[in-house]
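# Fold and contact review
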Amino acid sequence: MRLLSLNTKADTYDDDFRELYEHAPCGYLLIQEDGLIVKANETFLGWTGYSRENLINKRRIQDFLPIPGKIYYETHFSPLLKMQEAVSEIAFELLSEGKPARPVLVTSILRQAKDQELQDDKPKHYRTTIFDATARRHYELELLRQKRKLEELNDEKNELLGMAAHELRTPLGVISTYSEFLEDEASPQLSQEHRDFISLIRSTSDNMLRLINDILDVSQIDAGKLHLDLQETDFKLFVEQTVAINRRLADKKQIREVFQAATTPPKLWLDQNKIAQVLDNLLINAIKFSSPETQISISLSHDQENVILRVADQGQGIPPEDLEKIFKPFNISQIKSTHGEPSTGLGLAIVRRIVEGHGGRVTVQSQLDKGTEFRIQLPLSSV
């Protein structure tokens, strides 16, 4: 009775295992090197519409693939399987009578031969699992559709921002120009209170105009409209001139700018206006977040592939949690400028886009209360 009980349990286990094998949610095959199917479960038979008698030892796996799939199987899948003895999750389409092609993922591995099979020199067999990838394909197509939709919405957003910015730039320019005229020409005839009003109007309109220009730059770059007017440039002289232009702003805060060039790099092909915008943004940022009587160091060097420009200040530094975000549009650091200078949150986003548009790279290192260093790499070869 004890032996009968054990046999009954074994038979039940075998039945359960066979049921799992035959009706699994994936197809199981045993194939030879030439693709001949020598074993298949009910799931695969149901997908293809074949009976076991008409399939086993009569059909190859290639027979259920469209022409591109047959070519890929013969030129890539089969040679790779023979060489590596295993392949994983290769995408195919499975054909069946009267049904749409079924997207599938095929995994195959060499079945270890028994000693007798090796002695008889029998052909190699591969255990092959075929997963239905229909739901995955629908998911991927839906993701692609949503991605395209987001791209279209982003293009519309950039176009709207560009139109709004263009419309605002002209009146803001007029306000800034006339307030500057009143401040310079009519100031002696006005009371201190009126002069303060005009100064506020001018500074506010200038800040608004700067924001509008930055928004225009970002929207144009995001829309793929970063057009570079490349010119051969003496980069050392170019940096010296840009530093000199910004020195007046540094002098107002009693900040010393020091420029050093270890060597004179070869001439670069640059869009001078846009790279000037990069340098302006980095220098203005350094001045903005530095205290009086500190120093900003600008250094220039090069290796065999890149020109390297460093702009380092002795300012407040950037918190570690902000370092990952500073190049994103409209990101404002929790560190405030030392004299309340305004920030649009777009300057560094523009810096990165322009530098990368030139084939370069921008990185940053910072320590709180010690300062920040931005490092620009520009390739020596023309873009």
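Above this text is the structure in question.
For the structure given in this document, a descriptive report is provided here. (Residues numbered from 1 in each chain as written. Predicted model: local features only at pLDDT ≥ 70, side-chain atom pairs only at ≥ 80, totals over all residues. Heavy atoms only, no water.)

### Focus on the environment of L20
Formally: What counts as a helix is a DSSP run of H or I of at least four residues, what counts as a strand is a run of E of at least two, and both are numbered from the N terminus. Burial here depends on accessible area, computed with a 1.4 Å probe over protein chains only, as a share of the maximum for the residue type. Under 20% is buried, over 50% is exposed, and the range in between is partly exposed.
Along the polypeptide, L20 turns up in helix α1 (residues 2-22). Its relative accessible area of 57% is what places L20 among the exposed residues. For the pair formed by L20 and N41, sequence separation is 21 residues and the distance between their alpha carbons is 9.8 Å.

### A few points about the side chain of D271
To keep it simple, the criterion reads: In protein, a polar contact means a hydrogen-donor-capable atom and an acceptor-capable atom, both N or O and within 3.5 Å, with residues adjacent in sequence counting only if both atoms are side-chain atoms; elsewhere, any N or O pair within 3.5 Å suffices. Throughout, a residue-residue contact means that at least one pair of heavy atoms, one from each residue, lies within 4.5 Å.
Residue placement: D271 occurs in strand β8 (residues 268-271). At 3.2 Å, the side chain of D271 forms a polar contact with the backbone nitrogen of N273. The contact partners of D271, leaving out residues within four places of it in the chain, are H227, L228, D229, L230 and H358.

### So, the nonpolar core
Here is the rule we go by: We define a nonpolar core as any set of buried Ala, Val, Leu, Ile, Met, Phe, Trp, Tyr and Cys residues linked to one another through side-chain atoms lying within 4.5 Å.
In this structure, F235, I298 and I376 are the most contacted members of the largest nonpolar core, which totals 41 residues. Considering every element that reaches this core, the biggest residue donor is helix α9 (residues 272-288), with eight residues. When near neighbours in sequence (up to four residues on either side) are disregarded, I376 contacts V278, L282, V307, I308, L309, V351, V355, R361 and V362. Grouped together as the second largest cluster of nonpolar side chains are 24 residues, L55, V104, V106 and L110 included.

### Things to note about the layout of surface pockets
The condition is simple: Cavities and pockets were defined on a 1 Å grid built over protein atoms only: a cavity is a set of grid points that admits a 1.4 Å probe from which the probe cannot escape, a pocket is an open set flanked by protein on both sides within 12 Å along at least five of seven lines, and lining residues are those with an atom within 4 Å of any such point. Grid points are joined across faces, edges and corners, and a volume is the space filled by probe spheres set on the points. Residues were grouped as follows: Ala, Val, Leu, Ile, Met, Phe, Trp, Tyr, Cys and Pro as nonpolar; Asp, Glu, Lys and Arg as charged; and all remaining residues, including Gly, as polar.
In this structure, the second largest pocket encloses a volume near 260 Å³. Contributing to the lining of the second largest pocket are D14, F17, R18, Y21, Y28, L29, L30, K39, R127, T128 and T129. Secondary-structure elements contributing two or more residues to the lining of the second largest pocket are α1, β1 (26-32) and β5 (125-132). For the lining of the second largest pocket, the element with the most residues is α1, which contributes four residues. Considered class by class, the residues forming the lining of the second largest pocket number five nonpolar, two polar and four charged.

### Quick word on the packing of helix α8 (residues 235-252) against α9
This is how the line gets drawn: Fitting a line to C-alpha atoms yields each axis, with helices limited to the stretch in contact; the angle taken between N-to-C directions then spans 0 to 180 degrees. Every angle not falling under 35 degrees, over 145, or within 65 to 115 is termed oblique; those three ranges are roughly parallel, roughly antiparallel and roughly perpendicular. Handedness of a crossing follows from how the near helix is turned relative to the far one, being left-handed for an anticlockwise turn of less than a right angle and right-handed for a clockwise one.
It is the contact of α8 with α9, at a shortest axis distance of 10 Å, that shows an interaxial angle of 40°. Taken as axis vectors, α8 and α9 run oblique relative to one another. Where α8 crosses over α9, the handedness of that crossing is right-handed. Between α8 and α9, the residues in contact are F235, F238, V239, T242, V243, N246, L249 and A250 and Q272, I275, A276, L279, D280, L283, I284 and I287, respectively. Grouping the amino acids of the contact of α8 with α9 by side-chain chemistry returns 12 nonpolar, three polar and one charged.

### Some thoughts on the sheet that holds strand β4 (residues 99-110)
Note the threshold: At least two bridges found by DSSP between two strands are what make those strands a pair.
The antiparallel open sheet is built from five strands, whose spatial order is β2-β1-β5-β4-β3. The two strands at the open ends of the sheet, each matched to only one other strand, are β2 (37-40) and β3 (86-96). On average, each strand axis in the sheet is inclined to that of its neighbour by 30°, with strand direction left out of account. Where β1 lies against β2, three bridges are found, and the strand directions are antiparallel. Each bridged residue has a counterpart across the sheet, and for I31 the counterpart in β2 is I37. Strand contacts of helix α4 (residues 67-84): β1, β3, β4 and β5, with the helix running at about 155° to β3, the strand carrying the most contacts.

### Concerning empty space enclosed by the protein
A complete count under the given rule lists two cavities of 30 Å³ or more for this structure. Every residue lining the largest cavity is listed: I61, L65, Y73, F77, F92, L94, V104, V106 and I130. Secondary-structure elements contributing two or more residues to the lining of the largest cavity are α4, β3 and β4.

### Let's talk about the sheet that holds strand β12 (residues 371-379)
Spatially, the five strands line up as an open sheet ordered β7-β9-β10-β12-β11, and their pairing is mixed. In this open sheet, the two strands that pair with only one neighbour each are β7 (256-261) and β11 (361-367). Taking each pair of neighbouring strands and ignoring which way they run, the sheet shows an average axis angle of 15°. Where β7 lies against strand β9 (residues 295-302), six bridges are found, and the strand directions are parallel. Its bridge partner lying in β9, V258 is registered against S297. Taken strand by strand, α8 contacts β7, β9, β10 (306-312) and β12, and its axis lies near 175° from that of β7. Across the face of the sheet, helix α11 (residues 347-357) comes into contact with β11 and β12 while running at roughly 25° to β12.

### With respect to the packing of aromatic side chains
Keep this limit in mind: Each Phe, Tyr or Trp ring (for Trp, its six-membered ring) is paired with any other whose centre lies within 6.5 Å, and the angle between the two planes then decides the class: stacked below 30 degrees, edge-to-face above 60, tilted in between. A ring is considered to have a charge above it if a Lys NZ or an Arg CZ atom is located within 6 Å of its centre and within 35 degrees of its normal.
On inspection of all chains with the given rule, the structure shows nine aromatic pairs. Pairing F44 with F64 gives two aromatic rings, centres 5.6 Å apart and planes at 85°, and the pair type is edge-to-face. Of this pair, F44 sits in helix α2 (residues 42-48) while F64 sits in the loop between α3 (52-55) and α4, and the two are 20 residues apart along the sequence. Across this residue pair, the class does not change: F44 and F64 are buried. Centroid distance Y73 to F92: 6.4 Å. Interplanar angle 50°. Geometry classified as tilted. One end of the pair, Y73, is in helix α4; the other, F92, is in strand β3, and 19 residues separate them in sequence. An identical accessibility class is assigned to Y73 and F92; each is buried. An aromatic cluster is present here, built from Y72, Y73, F77 and F92 joined pairwise through their rings. Cation over ring: K39 sits above Y21, and NZ or CZ is 5.6 Å from the ring centre.

Without other data, these values stay purely geometric and don't point to any function.
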